[in-house]
Amino acid sequence: MSKKPKPRSWFYRNGLSVIFMSLFVFTLMAQALTGWKEHNGTLKDEGASELSVSTYLRSGHFISATFENFESEFLQMALYVLLTIRLRQIGSAESKKLDEVEEVDREPIASPTAPWPVRRGGLALAIYRNSLSIAFAILFFISWWLHFYGSWQENNIEAAVKGKQDLTMLEYLAEPNFWFETFQNWQSEFLSVASIVILTIFLRQKGSPESKPVDAMDMETGK
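For the structure given in this document, a descriptive report is provided here. (Residues numbered from 1 in each chain as written. Predicted model: local features only at pLDDT ≥ 70, side-chain atom pairs only at ≥ 80, totals over all residues. Heavy atoms only, no water.)

Re the side chain of Thr66
For Thr66, the location among the structural elements is in helix H3 (residues 60–86). At a separation of 2.8 Å, a polar atom in the side chain of Thr66 contacts the main-chain carbonyl oxygen of Phe62. Non-local contacts of Thr66, meaning those with residues more than four positions away in its chain, are made with Leu28 and Gln31. (Helix = DSSP H or I, 4+ residues; strand = E, 2+ residues; numbered from the N terminus. Polar contact = N/O pair within 3.5 Å; in protein donor to acceptor, adjacent residues only side chain to side chain. Contact = heavy atoms within 4.5 Å.)

Here is the structure:
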């Protein structure tokens, strides 16, 4: 007779999301506090009035810095989800197997336990079967826009302090500063994905779902 599964606590079942969301909130608060102090130091040096915390959280400086990072993360995940559908890397734990049809490739079955879009079919299913990449793409474009808006606002505030002319959104879109901010984040995300794809060919971490089994051959592809 098989043993009953041991009951697991709520934290055990949700620990990964709880820890990462807690780290996110903590670091966002730390970023806001240190960014506020740093920005006020710059304003003071320029002879401008300092900002309250609440005003700073609505400022271009905070909005740009925050969504500049969000944007690159969501771009990374959107591309990773889409490119791993078709592309392979021999030996990588992050790749699908070279010649086998995997569970994620099978057509959805409208069983009683399936999510409601699968049971409904039609347009709901068409959207749901691509909903992860759609969500990341939407989050990327929202973050890109807010990064651009915040960077534009911050640029014009700096220009006003220095007695220079404001730029329109279209004019600022052609400025190298915004694209420098953008590409320096994008390239780091592409490097991080390339690193885990390549390093999991040769390196292992026992117990991690992002690694192959410790005794797996280097050229064994997939988890």
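The structure having been displayed, the exposition proceeds.
Some remarks on the environment of Trp116
Tracing the chain through its elements places Trp116 in helix H4 (residues 116–120). A relative accessible area of 53% places Trp116 in the exposed class. In the structure, Trp116 is positioned twelve residues away from Tyr128 in sequence and 9.6 Å away in space, judged by C-alpha atoms. (Buried < 20%, exposed > 50% of the residue type's maximum accessible area, 1.4 Å probe, protein only.)

Topic: helix H8 (residues 176–202)
Between its terminal C-alpha atoms H8 stretches 39 Å, which fits the 39 Å expected from 27 residues at 1.5 Å a residue. Lining the buried residues of H8 we find H3, helix H6 (131–161) and helix H7 (169–173). (Expected span 1.5 Å × (residues − 1).)

Things to note about the layout of surface pockets
In this structure, the largest pocket encloses a volume near 1,100 Å³. Taken together, 31 residues make up the lining of the largest pocket; nearest its centre are Ile85, Lys96, Val104, Asp105 and Arg129. Taken together, the elements giving at least two residues each to the lining of the largest pocket come down to H3, helix H5 (122–128) and H6. The volume enclosed by the second largest pocket comes to roughly 490 Å³. Lining the second largest pocket, in full, are Leu16, Ser17, Phe20, Met21, Phe24, Phe70, Glu73, Phe74, Met77 and Phe136. The set of elements that each furnish at least two residues to the lining of the second largest pocket consists of helix H1 (10–45) and H3. (1 Å grid on protein atoms, 1.4 Å probe; cavity = no way out; pocket = protein on both sides within 12 Å on 5 of 7 lines; lining within 4 Å. Points joined across faces, edges and corners; volume = space filled by probe spheres on them.)

Notes on the pattern of salt bridges
This structure, assessed with the given rule, holds four salt bridges. With a shortest N-O distance of 2.8 Å, Lys96 and Asp105 are connected by a salt bridge. Taking the relative accessible area as the measure of exposure, Asp105 reaches 32% and is therefore partly exposed. The closest approach of N and O atoms between Arg129 and Glu107, which form a salt bridge, is 3.2 Å. Here Glu107 lies in the loop between H3 and H4 and Arg129 lies in the loop between H5 and H6, a separation of 22 residues in the sequence. (Salt bridge = Lys/Arg side-chain N within 4 Å of Asp/Glu carboxyl O.)

Keep in mind these numbers describe shape, not what the thing actually does.
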